[in-house]
Amino acid sequence: ALFLGGVIPGLVMTLFMMGYVYYCARRYGMGRDQAFSWRTLIMTFIAALPALLTPAIIIGGMTFGWFTPTEAAIAACAWAIVLGIFLYRTLTPKQFYKVSMDTIETTAGVLLIVGAASLFGWVLTTTRVTEYTTEALLALTDNRYVILLLTNVLLLVIGCFLEPIASISILVPVLMPVIVKVGIDPVHFGVMMTLNLMIGLLHPPLGMVLFVLSRVAKLSIERTTMAILPWLIPLLLSLIAITMIPELTLWLPRVVGMIK
């Protein structure tokens, strides 16, 4: 249901981003880097098809019961290794070793954060902080849209400082009782929360993706931040639309009978 719930919001976000690209291209006179060609499009798609099968393996395997989510991740990694070594021939033994070591280092750091976040979530629950937070928010307002907007602000701020898995582990136990009490669908909240945390990775001052972009582009954090700021506009407009129009998220899961 969450996967299907994200389809239309993804299309909405795509349209907003395309609109902003069109605006920038017209305003700054940006031309095409090459003429459009159906042949080029088809050949590029065919070349990319094996790599594009990766999400199909993950979603298809879980949908048909072939894999658990963990096993699906392993299957996707195995497929990527096969493509890198045998099809695209871009993954040498030396690169494979480096990628493996980088993955171990990154995963270890993330799992330490997740472990601490899980413990923190348990402490919040046992000390009844979640109940007090629910009561405080509901005392402030019981309007679901006001609560959603307040939640958006909180998630955008938290998403800038914390890794998404840690944010989810800490905040879901706190926010979920409020969401349920005011009648917000958990699928709608889940998609909205995911988009919030993804935007949080981009916005300054400490968005994790900002640092990755800065390293890849070999630019300072300041220049990267100034370049990324205008692109937050279509993302935030998408977030507002998805927050205020629940049917954008809920319509498709309802059509296929995933939710009522």
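It should be noted that the structure appears before, not after, this text.
As a starting point, this report considers the structure included with it. (Residues numbered from 1 in each chain as written. Predicted model: local features only at pLDDT ≥ 70, side-chain atom pairs only at ≥ 80, totals over all residues. Heavy atoms only, no water.)

Considering the overall build of the chain
Thinking step 1. Across its full length, the chain carries 13 helices and 0 strands.
Thinking step 2. In terms of its C-alpha atoms, the chain occupies a principal-axis envelope of roughly 60 × 45 × 45 Å.
Thinking step 3. Classification of the 260 residues of the chain by burial places 30% in the buried group.
Thinking step 4. Taking all contacts inside the chain whose residues are at least 6 apart in sequence as the whole, residues at least 24 apart take part in 69%.
Thinking step 5. As displayed, the chain offers around 16,700 Å² of accessible surface, 74% of which is attributable to carbon and sulfur atoms. (Helix = DSSP H or I, 4+ residues; strand = E, 2+ residues; numbered from the N terminus. Buried < 20%, exposed > 50% of the residue type's maximum accessible area, 1.4 Å probe, protein only. Contact = heavy atoms within 4.5 Å. Areas by Shrake-Rupley, 256 points an atom, 1.4 Å probe, with all protein chains shown as cover.)

Quick look at helix H3 (residues 38–63)
Thinking step 1. Helix geometry: H3 is bent most strongly at Leu49, by close to 55°, with proline Pro50 lying one to four residues after it.
Thinking step 2. Within H3 the residues assigned to the buried category are Pro50, Thr54, Gly60 and Gly61.
Thinking step 3. The inward-facing, buried residues of H3 contact helix H4 (69–87).
Thinking step 4. Two or three places before Arg39, at the start of H3, stands the capping residue Ser37, its side-chain oxygen 3.3 Å from that residue's backbone nitrogen.
Thinking step 5. Among the residues trailing H3, Gly65 stands out with phi positive, at a value near 80°. (Bend = angle between axes of the 7 residues up to and from the residue. Polar contact = N/O pair within 3.5 Å; in protein donor to acceptor, adjacent residues only side chain to side chain.)

Quick notes on the pattern of salt bridges
Thinking step 1. Tallying each qualifying case throughout the model produces 2 salt bridges.
Thinking step 2. A salt bridge links Asp102 to Lys98; the shortest N-O distance between them is 3.0 Å. Of this pair, Asp102 and Lys98 both sit in helix H5 (residues 93–126), 4 residues apart, roughly one helical turn.
Thinking step 3. Looking at Asp102, the relative accessible area reads 35%, which means it is partly exposed.
Thinking step 4. Linking Arg254 and Glu247 is a salt bridge whose minimum nitrogen-to-oxygen distance equals 2.4 Å.
Thinking step 5. With relative accessibility at 33%, the residue Arg254 sits in the partly exposed group. (Salt bridge = Lys/Arg side-chain N within 4 Å of Asp/Glu carboxyl O.)

Side note on the environment of Trp122
Thinking step 1. Inspection of the secondary structure assignment puts Trp122 in helix H5.
Thinking step 2. Trp122 gets classed as exposed once you look at its relative accessible area, which sits at 55%.

Observations regarding helix H9 (residues 186–200)
Thinking step 1. Along its 15 residues, H9 runs 21 Å from first to last C-alpha, staying within 8% of the 21 Å computed at 1.5 Å per residue.
Thinking step 2. Across the 15 residues that make up H9, a large majority, 12, are buried.
Thinking step 3. Along H9, the positions that sit buried rather than exposed are Val187, His188, Phe189, Gly190, Val191, Met192, Met193, Leu195, Asn196, Leu197, Ile199 and Gly200.
Thinking step 4. Looking at the packing, one finds that the buried side of H9 touches helix H1 (2–5), helix H2 (7–28), helix H7 (144–161), helix H8 (164–181), helix H12 (232–244) and helix H13 (247–255).
Thinking step 5. Between the side-chain oxygen of the N-cap and the backbone nitrogen of Val187 there are 2.8 Å, and the N-cap of H9 in question is Asp185. (Expected span 1.5 Å × (residues − 1).)

Comments concerning a nonpolar patch on the surface
Thinking step 1. Together, Phe36, Trp38, Leu41, Ile42, Met43, Phe45, Ile46, Leu49, Leu52 and Leu53 line one region of the surface with nonpolar side chains, adding up to about 1,000 Å² of accessible area.
Thinking step 2. Relative to the assigned elements, Phe45 resides in helix H3.
Thinking step 3. Residue Phe45 is classed as partly exposed on the basis of its relative accessible area of 48%. (Patch = residues over 30% accessible without salt bridge, like charges linked within 9 Å, V, L, I, M, F, W, Y side chains within 5 Å.)

Topic: the nonpolar core
Thinking step 1. Membership of the largest hydrophobic core comes to 25 residues, with the highest contact counts inside it found for Leu155, Phe189 and Ile199.
Thinking step 2. For this core, the secondary structure elements donating two or more residues are H7, H8, H9 and H12.
Thinking step 3. Here this core takes 6 residues from H9, the largest share from any one element.
Thinking step 4. Look past the residues within four positions of Leu155 in its chain and what remains in contact with it is Leu171, Leu175, Met192, Met193, Asn196 and Leu197. (Core = buried A, V, L, I, M, F, W, Y, C linked by side-chain atoms within 4.5 Å.)

So, the packing of H3 against H4
Thinking step 1. Running from N to C, H3 and H4 point in directions that differ by 160°, and their axes come no closer than 9 Å. Classified by the angle their axes make, H3 and H4 are roughly antiparallel. Here H3 runs over H4; the crossing is right-handed. Contacts between H3 and H4 involve Pro50, Ala51, Leu53, Thr54, Ile57, Ile58 and Met62 from the first element and Pro69, Ala72, Ala75, Ala76, Trp79, Leu83 and Leu87 from the second. (Axes fitted to C-alpha atoms, helices over the stretch in contact; angles between N-to-C directions. Parallel < 35°, antiparallel > 145°, perpendicular 65-115°, else oblique. Left-handed = near helix turned anticlockwise from the far one by under 90°.)

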